[in-house]
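# Summary of structural features
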Amino acid sequence: MNYRKEHIIYTLMWIALYLSPLMSIYMRMSGNPHIDFSWYEILNAWKFNTVWIVLFAIHNFLLAPLLIIKRRTWLYTALVVALLVATMFTLSAIRPSHSKKRHALQRYECCEHNCMNAEMMASKQQPPPMREGGPLMMFGPGEVVAFFGGLLLMGMNLGVKLYFRSQEATKAITQIEKHALERQLQYLKYQVNPHFFMNTLNNIHALVDIDPERAKASIVELSKLMRYVLYEGNNRLTPLSREVQFLRNYVQLMSMRYTGNVSISLDVPEVLPDSMLPPLLLVIFVENAFKHGISYRTKSFVEISLQPHGDRLLFNCRNSRQQNTQDENMKGGVGLSNVRRRLDLLFPDDYTLDIKETDDTYTVKLEIPLTC
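## As for the packing of aromatic side chains
This model, assessed by the stated rule, comprises 7 aromatic pairs. Ring centres of Tyr10 and Phe56 lie 4.8 Å apart, and the angle between their planes is 75 degrees; this geometry places the pair in the edge-to-face category. One end of the pair, Tyr10, is in helix H1 (residues 2–31); the other, Phe56, is in helix H2 (residues 39–68), with 46 residues separating them in the sequence. Residues Tyr18 and Trp46 carry aromatic rings whose centres are separated by 6.3 Å and whose planes lie at 45 degrees to one another, so their mutual orientation is tilted. With Tyr18 in helix H1 and Trp46 in helix H2, this pair connects stretches of sequence that are 28 residues apart. The partly exposed category is assigned to Tyr18, whose relative accessible area is 23%. Clustering of aromatic rings is evident, with ring pairs tying together Tyr10, Trp14 and Phe56.

Take a look at the structure:
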């Protein structure tokens, strides 16, 4: 696509250059009705333009790739100088002879002054003798201008090529970063799933000896969680309602394990918006709350709430804190470090995670954007 854009720019540039003599003579004719249309002048200008377009084509298709692709700087420089010298000789050779230029000047003066003073001016203004065109012609200011003009033309060509090449490189880097981001997010999800199921199976194992019937019911709830992880966990986004239902099933599963000494609440609006969010993003905080905040010996609590506000979701999770618990996960273990990394990748500079600890409580407040 960039290759096509680049050559469209070149085509338009050369069309404009070839039309410029026609525009010039038209503007002069509109300003002075005595000036006639001159094909000699236009063809002469087109002859010079053809030399420039040949120089441009040689540089564009042969020389520029030496520098940009093959990085052969010295060879490129030598060939550019040789091309410029050859262009100077060519322009000198095709420049109109003095006799033709004097004839064109007399014709112009005749049209300008109604041919009244053309002969007098021609006799008084004798130009210095000039060599006819050929390879031995002396170089003058015109050739110096041609040299630097060719240099600017090739510099412009090189600049356009480097611009589009940098765009292609930026696009390629963006694609690489995107694929790397997707792989990293997928890797983090694969770490979350075994970690989540390990903790859940430990909970069911604890119920087998205490209450086999509740352990059977827990397996049913676990199957619901597994179905969600299997069918929704690999998606980039999932409906908010399904994520909430997953949290309900998880809380229900955890509630089967504990007695009335533990207070568990999940506050979610009955009607949820048709919004989307990344799956398995909130369960880590809920996991931590149950794993590190519940005690069989003392009164404990877990309080979870979700409140959508426009295109934002406010998530709060507060739990009691046990002093004798080794809070590895809560202080930067696999679970919390993973969820922080996922948040950084999914919502760079667009989320708020506030974690507060006291002697008795552990509170997580998370605000993330929702996708419609």
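## Quick look at the nonpolar core
In this structure, Phe290, Leu306 and Phe315 are the most contacted members of the largest nonpolar core, which totals 43 residues. Elements with a contribution of two residues or more to this core: helix H6 (141–210), helix H7 (212–232), helix H8 (240–255), helix H9 (283–293), strand S4 (300–309), strand S5 (312–320), helix H10 (334–346) and strand S7 (361–369). Ranked by residue count, the leading element in this core is H8, at 8 residues. Setting aside anything within four residues of it in sequence, one finds Phe315 in contact with Leu282, Phe285, Val286, Ile304, Ser305, Leu306, Val364, Lys365 and Leu366. Core analysis: the second largest hydrophobic core is formed by 24 residues, Tyr10, Leu66, Ile94 and Ala146 among them.

## Details of the pairing of S7
Of all 9 residues in S7, 7 are buried; the element is thus mostly enclosed. Taken together, the 9 bridges between S5 and S7 define a ladder with antiparallel strand orientation. Pairing of Arg318 across the sheet is with Thr363, part of S7. Relative to S7, strand S6 (residues 352–357) runs antiparallel, the two being bridged by 6 bridges. What sits directly across from Leu353, in S7, is Leu366. Hairpin geometry of S6 and S7 is characterised by an intervening segment of 3 residues between the two adjacent antiparallel strands.

## Details of the sheet that holds S6
Here 5 strands make up an open sheet; going across it, the order is S2-S4-S5-S7-S6 and the pairing mixed. This sheet does not close on itself; its edge strands, each paired only once, are strand S2 (262–267) and S6. Each strand of the sheet is rotated relative to its neighbour by a mean of 5 degrees, with strand direction disregarded. Across the sheet, H8 is in contact with S2, S4 and S5; its angle to S2 comes to roughly 170 degrees. Where H9 meets the sheet, its contacts fall on S2, S4, S5, S6 and S7, and the angle it forms with S5 comes to roughly 5 degrees.

Calculation criteria
Residues numbered from 1 in each chain as written. Predicted model: local features only at pLDDT ≥ 70, side-chain atom pairs only at ≥ 80, totals over all residues. Heavy atoms only, no water. Phe/Tyr/Trp six-rings, centres within 6.5 Å; stacked < 30°, edge-to-face > 60°. Helix = DSSP H or I, 4+ residues; strand = E, 2+ residues; numbered from the N terminus. Buried < 20%, exposed > 50% of the residue type's maximum accessible area, 1.4 Å probe, protein only. Core = buried A, V, L, I, M, F, W, Y, C linked by side-chain atoms within 4.5 Å. Contact = heavy atoms within 4.5 Å. Pairing = 2+ DSSP bridges. Axes fitted to C-alpha atoms, helices over the stretch in contact; angles between N-to-C directions.

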